Amino acid sequence: MAIRGLWAATALAGALVLGGCASKGDERPQTVSAKPKAPAPGRGKGYSHDPFPSTYRAYPGVATLVTNVTVYDGEGGRIERGSVLFADGKVVGIGQGLTAPAGATVIDGTGKWVTPGIIDIHSHLGDYPSPGVQALSDGNEATDPVTADVWAEHSVWPQDPGFGRALANGGVTTLQILPGSANLFGGRSVVLKNVYARTMQGMKFPGAPYGLKMACGENPKRVYGSKGRKPATRMGNVAVDRQTWAKAADYRRKWDRYEDQGGDEPSRDIAMDTLRGVLSGEIRVQNHCYRADEMAIVMDMAKEFGYKVTAFHHAVEAYKIGDLLKQNDTCAAVWADWYGFKMESYDGIGENLALLHKAGACVMIHSDDANGIQRLNQEVAKALAAGRRAGIEVSDAAAWRWLSLAPAKALGIDDRTGSLKPGKMADVVLWNGDPLSIYTRPEKVWVDGALLYDANDPKRRPVSDFELGQPGEGDVK
């Protein structure tokens, strides 16, 4: 009886509630309005990818025809008694018997050579400038193994006298400035036109992709192992790399989702912005690495996380894995004969560059040195000689690719510079003899068609503001 009474009471209460609701007429329970979803900004538009844009403007030049020269076009071609015509900052024509337009400057280069300007893919000018004192030592943020948040351009000192020396002595018209190799992730690199400017942005190559400097091997494990922290071994190097890439992949997913679908904006992480750029194919990996086994591991790690190594730098043992580099479309930037100065660089050979060329791999010369950048043409001559002694025949004209077009390709600017083709930037060097001779020097250097160095005109010798009034200003011995 008690149970029946409980059910009856419950039913009555329910009826009263329903009746009460019905008696309210058209009124309904109020609900809280949902916050409108933020619109999707679009892929790649969630934040600025170019917060320090180039302000580079080419210096004024005049239409110029250089005639009666031997021409290396940078793509393997050689033209005897050739001519190169450029105007409005661009190459207009290359061949034999070209005619100068009205008002053009004509230079008779009998007995001389013309080449594209040299491109150095590995430099620290501006970050480790001259004079080499601690106050100007700004190339290594050796405070953490992962410093992908730093950008080499923010250390570049445009008044470094080394820029002018590289132009006048080396014929270098474009160069990539990299952070140092103390860290696994050293930070972003920047590509510069080798011109005098008041600011880094005034030198910045318009539209050139950024790079990410990475390092494997002895440097990171020595720097951080000596501090009693990870990594202290090569396996520690790879572990920190993988952990960091996993974090970057998660960061990329969050930002891709937000940019595609909208909603709450994820928190920014400047280091992860750079790594997201790598995973998206926007930023190129430039990897300091010496040993063949480590380069193979890094290429496998790249496959694991879906990025690509554009180039291994130094790559002293690259000759052992030329086939793997070719399969992975990964370049090697090497020295001619600089090796043996530490264990990981011990097993080097002078034939490295030539063997890589023979294997069909993308290969080039590089400096990593303020003095070496002034003689990269001679470094290629040494590499050629070593290859020929080993029976590897490479023509002088084909070898010029190691100095111009190959580094341009690795930097993502080969559509604009690196060879003397109509429509490309008129980055041109007139040499006073065979450019692969130790007796030869640049006579004239043009950048975007502007004559920035003339050995016969003291007024066209580059002098930075820092040098003005000091003994030896503009000295290019």
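Heads up: these notes are all about the structure in this document.

Rules used in this analysis
Residues numbered from 1 in each chain as written. Predicted model: local features only at pLDDT ≥ 70, side-chain atom pairs only at ≥ 80, totals over all residues. Heavy atoms only, no water. Helix = DSSP H or I, 4+ residues; strand = E, 2+ residues; numbered from the N terminus. Buried < 20%, exposed > 50% of the residue type's maximum accessible area, 1.4 Å probe, protein only. 1 Å grid on protein atoms, 1.4 Å probe; cavity = no way out; pocket = protein on both sides within 12 Å on 5 of 7 lines; lining within 4 Å. Points joined across faces, edges and corners; volume = space filled by probe spheres on them. Nonpolar A, V, L, I, M, F, W, Y, C, P; charged D, E, K, R; others polar. Disulfide = S-S within 2.5 Å. Salt bridge = Lys/Arg side-chain N within 4 Å of Asp/Glu carboxyl O. Axes fitted to C-alpha atoms, helices over the stretch in contact; angles between N-to-C directions. Parallel < 35°, antiparallel > 145°, perpendicular 65-115°, else oblique. Left-handed = near helix turned anticlockwise from the far one by under 90°. Contact = heavy atoms within 4.5 Å.

### Considering unusual backbone geometry
Here's step 1: Residue Pro131 follows Ser130 across a cis peptide bond; omega there is 0°.
Here's step 2: Tracing the backbone through its elements, the reader meets Pro131 in the loop between strand 6 (118–123) and helix 2 (161–170).
Here's step 3: Across the junction of Lys230 and Pro231, the peptide omega takes the value 5°, indicating a cis bond.
Here's step 4: Here Asn68, not a glycine, exhibits a phi torsion of approximately 55°, which is positive.
Here's step 5: Looking at the element boundaries, Asn68 is found in strand 1 (residues 64–72).
Here's step 6: Looking at Asn68, the relative accessible area reads 38%, which means it is partly exposed.
Here's step 7: Residue Asp329 is not a glycine yet carries a positive backbone phi of 50°.
Here's step 8: By secondary structure assignment, the location of Asp329 is in the loop between helix 7 (322–327) and strand 12 (331–334).

### A look at empty space enclosed by the protein
Here's step 1: One pass over the structure, following the stated rule, counts one cavity of 30 Å³ or more.
Here's step 2: As for the largest cavity, its lining consists of His314, Val316, Val334, Trp335, Ala336, Asp337, Trp338, Tyr339, Gly348, Ile349 and Asn352.
Here's step 3: In the lining of the largest cavity, the residues fall into seven nonpolar, three polar and one charged.

### Focus on the state of the cysteines
Here's step 1: Applying the stated criterion to the full structure yields two disulfides.
Here's step 2: Between Cys331 and Cys362 runs a disulfide, and the two sulfur atoms are separated by 2.1 Å. Looking along the S-S bond of the Cys331-Cys362 disulfide, the torsion reads about 90°, which is the right-handed sense. In this pair, Cys331 sits in strand 12 while Cys362 sits in the loop between helix 8 (352–358) and strand 13 (363–365), placing the two residues 31 residues apart along the sequence.
Here's step 3: Accessibility expressed as a relative area gives 3% for Cys331, which makes it buried.
Here's step 4: For Cys362, a relative accessible area of 14% gives the class buried.

### So, the layout of surface pockets
Here's step 1: A volume near 510 Å³ is recorded for the largest pocket.
Here's step 2: Taken together, 29 residues form the lining of the largest pocket, with Tyr59, Leu167, Leu451, Leu452 and Arg460 sitting closest to its centre.
Here's step 3: The set of elements that each furnish at least two residues to the lining of the largest pocket consists of strand 4 (105–108), helix 2, strand 15 (442–447) and strand 16 (450–454).
Here's step 4: Here the lining of the largest pocket is built from residues that sort into 17 nonpolar, seven polar and five charged.
Here's step 5: The computed volume of the second largest pocket comes to approximately 240 Å³.
Here's step 6: In terms of lining, the second largest pocket is formed by 13 residues, of which the most central are Asp50, Gly207, Ala208, Pro209 and Tyr210.

### Observations concerning the pattern of salt bridges
Here's step 1: The full count for this structure, using the stated rule, is 34 salt bridges.
Here's step 2: Residues joined by salt bridges that share partners form a network here, namely Arg43, Arg252, Asp256, Glu259, Asp260 and Arg276.

### Details of the packing of helix 4 (residues 234–261) against helix 6 (residues 292–305)
Here's step 1: Orientation of helix 4 relative to helix 6, taken along the N-to-C sense of each, is 20°, at an axis distance of 11 Å. Here helix 4 lies roughly parallel to helix 6, going by the angle between them. Crossing of helix 4 against helix 6: the hand is right-handed. Where helix 4 approaches helix 6, its residues Arg234, Val238, Asp241, Arg242, Trp245 and Ala246 are matched on the opposing element by Glu294, Ile297, Met301, Glu304 and Phe305.
Here's step 2: For the contact of helix 4 with helix 6, the per-class residue count stands at six nonpolar, no polar and five charged.

### Focus: helix 5 (residues 270–279)
Here's step 1: Most of helix 5 is tucked away, with nine of its 10 residues classed as buried.
Here's step 2: Residues Ala271, Met272, Asp273, Thr274, Leu275, Arg276, Gly277, Val278 and Leu279 constitute the buried set of helix 5.
Here's step 3: Those residues of helix 5 that are buried are in contact with strand 8 (185–193), strand 9 (211–215), helix 4, strand 10 (284–289) and helix 6.
Here's step 4: Looking one or two residues beyond helix 5, the residue adopting positive phi is Gly281, at roughly 80°.

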